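Summary of structural features
Below are the chains, spelled out letter by letter.
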Amino acid sequence: QKLTLKNQKLTANYRGEDFNLDADKNKIEQVIINLINNSIKYSETGKEIRICLLDSKENIMFSIEDEGIGISSEHQKRVFERFYRVDKARSRESGGTGLGLAIVKHIILLHKGDISLKSELGVGTKISIVLSKIYRG
């Protein structure tokens, strides 16, 4: 519904056949929903959001990339910290608490995964996640 209101396009592509994970399904779903919602929230009307899944033998790689406002390099190292907000005034307007990406990172680390971010102001943000198919918790 949010995509429709902002006339945004969500595309998904994948390579591979086995996307089964030994993971907490609800937690991984929470990660995906949070990342998609952030992309919608911080992308202007008419922009595209791309999801990519890649099956490598031992891992699943997932990325979400948007054409949003981007994050300056000075803030990129801190966006996964609890309560850290890039633009405090904007976050209050949109209801942000500064917990979303911290929770995402925590869930990925609990699953012994890896998360990274690449972003450029005015161009967009790409968040990439790698999870082992076999949870070693």
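Because the structure is a prediction, the values reported are computed rather than measured.

**Considering the confidence of the model for the protein**
- Across the protein, pLDDT averages 86, with 84% of residues at or above 70.
- Under a pLDDT of 50 for its full length, residues 89–93 has, in the predicted model, seven contacts with residues more than four places off or in other chains.

**Re helix H5 (residues 100–110)**
- Three or more residues of H5 are buried, namely Leu-101, Ala-102, Val-104, Ile-107 and Ile-108.
- Where H5 is buried, its residues touch helix H2 (25–41), strand S4 (114–120) and strand S5 (124–132).
- Phi turns positive, to about 60°, at Lys-112, one or two residues after H5.

**Observations concerning the pattern of salt bridges**
- Following the criterion strictly, the structure yields five salt bridges and no others.
- One salt bridge connects Asp-18 with Lys-133, and the closest N-O pair in it is separated by 3.4 Å. Placement of Asp-18 in the loop between strand S1 (9–15) and H2 and of Lys-133 in the segment after S5 is noted, with a sequence separation of 115 residues between them.
- The residue Glu-48 makes a salt bridge to Arg-50 at a minimum N-O spacing of 3.6 Å.
- Of the residues examined, Glu-48 reaches a relative accessible area of 22% and is grouped as partly exposed.

**Concerning the pairing of strand S2 (residues 48–55)**
- The sheet contact formed by S1 and S2 spans seven bridges and is parallel. Across the sheet, residue Asn-13 finds its bridge partner in S2, namely Cys-52.
- Each parallel crossover has a hand, and the one from S1 via H2 to S2 is left-handed.
- Judged from the seven bridges that link them, S2 and strand S3 (residues 59–66) form a sheet pairing that is antiparallel. The residue bridging Leu-54 from the neighbouring strand is Met-61, located in S3.
- Hairpin connection of S2 to S3: three residues between the antiparallel strands.

**Things to note about the packing of aromatic side chains**
- Scanning the model with the defined rule gives one aromatic pair in all.
- Measuring from centroid to centroid gives 5.9 Å for Tyr-14 and Phe-19, while their planes differ by 85°, and the two rings are edge-to-face.
- The class for Tyr-14 is exposed, based on a relative accessible area of 59%.

**Side note on the environment of Lys-112**
- With respect to the helices and strands, Lys-112 occurs in the loop between H5 and S4.
- Here Lys-112 falls in the exposed class, since its relative accessible area comes to 55%.
- Taking the C-alpha atoms as reference, Lys-112 lies 9.8 Å from Ile-134; in sequence the two are 22 residues apart.

**Points about the packing of H2 against H5**
- Remark: H2 packs on H5, axes separated minimally by 10 Å, with the N-to-C direction vectors making an angle of 145°. Both H2 and H5 take part in a crossing whose hand is left-handed. Where H2 approaches H5, its residues Lys-27, Ile-28, Gln-30, Val-31, Asn-34, Leu-35 and Asn-38 are matched on the opposing element by Gly-100, Leu-101, Ile-103, Val-104, Ile-107 and Ile-108.
- A class-by-class count of the residues in the contact of H2 with H5 yields eight nonpolar, four polar and one charged.

What counts, and at which threshold
Residues numbered from 1 in each chain as written. Predicted model: local features only at pLDDT ≥ 70, side-chain atom pairs only at ≥ 80, totals over all residues. Heavy atoms only, no water. pLDDT = per-residue confidence, 0-100. Contact = heavy atoms within 4.5 Å. Buried < 20%, exposed > 50% of the residue type's maximum accessible area, 1.4 Å probe, protein only. Helix = DSSP H or I, 4+ residues; strand = E, 2+ residues; numbered from the N terminus. Salt bridge = Lys/Arg side-chain N within 4 Å of Asp/Glu carboxyl O. Pairing = 2+ DSSP bridges. Right-handed = clockwise from strand over helix to strand, strands pointing away. Phe/Tyr/Trp six-rings, centres within 6.5 Å; stacked < 30°, edge-to-face > 60°. Axes fitted to C-alpha atoms, helices over the stretch in contact; angles between N-to-C directions. Left-handed = near helix turned anticlockwise from the far one by under 90°. Nonpolar A, V, L, I, M, F, W, Y, C, P; charged D, E, K, R; others polar.

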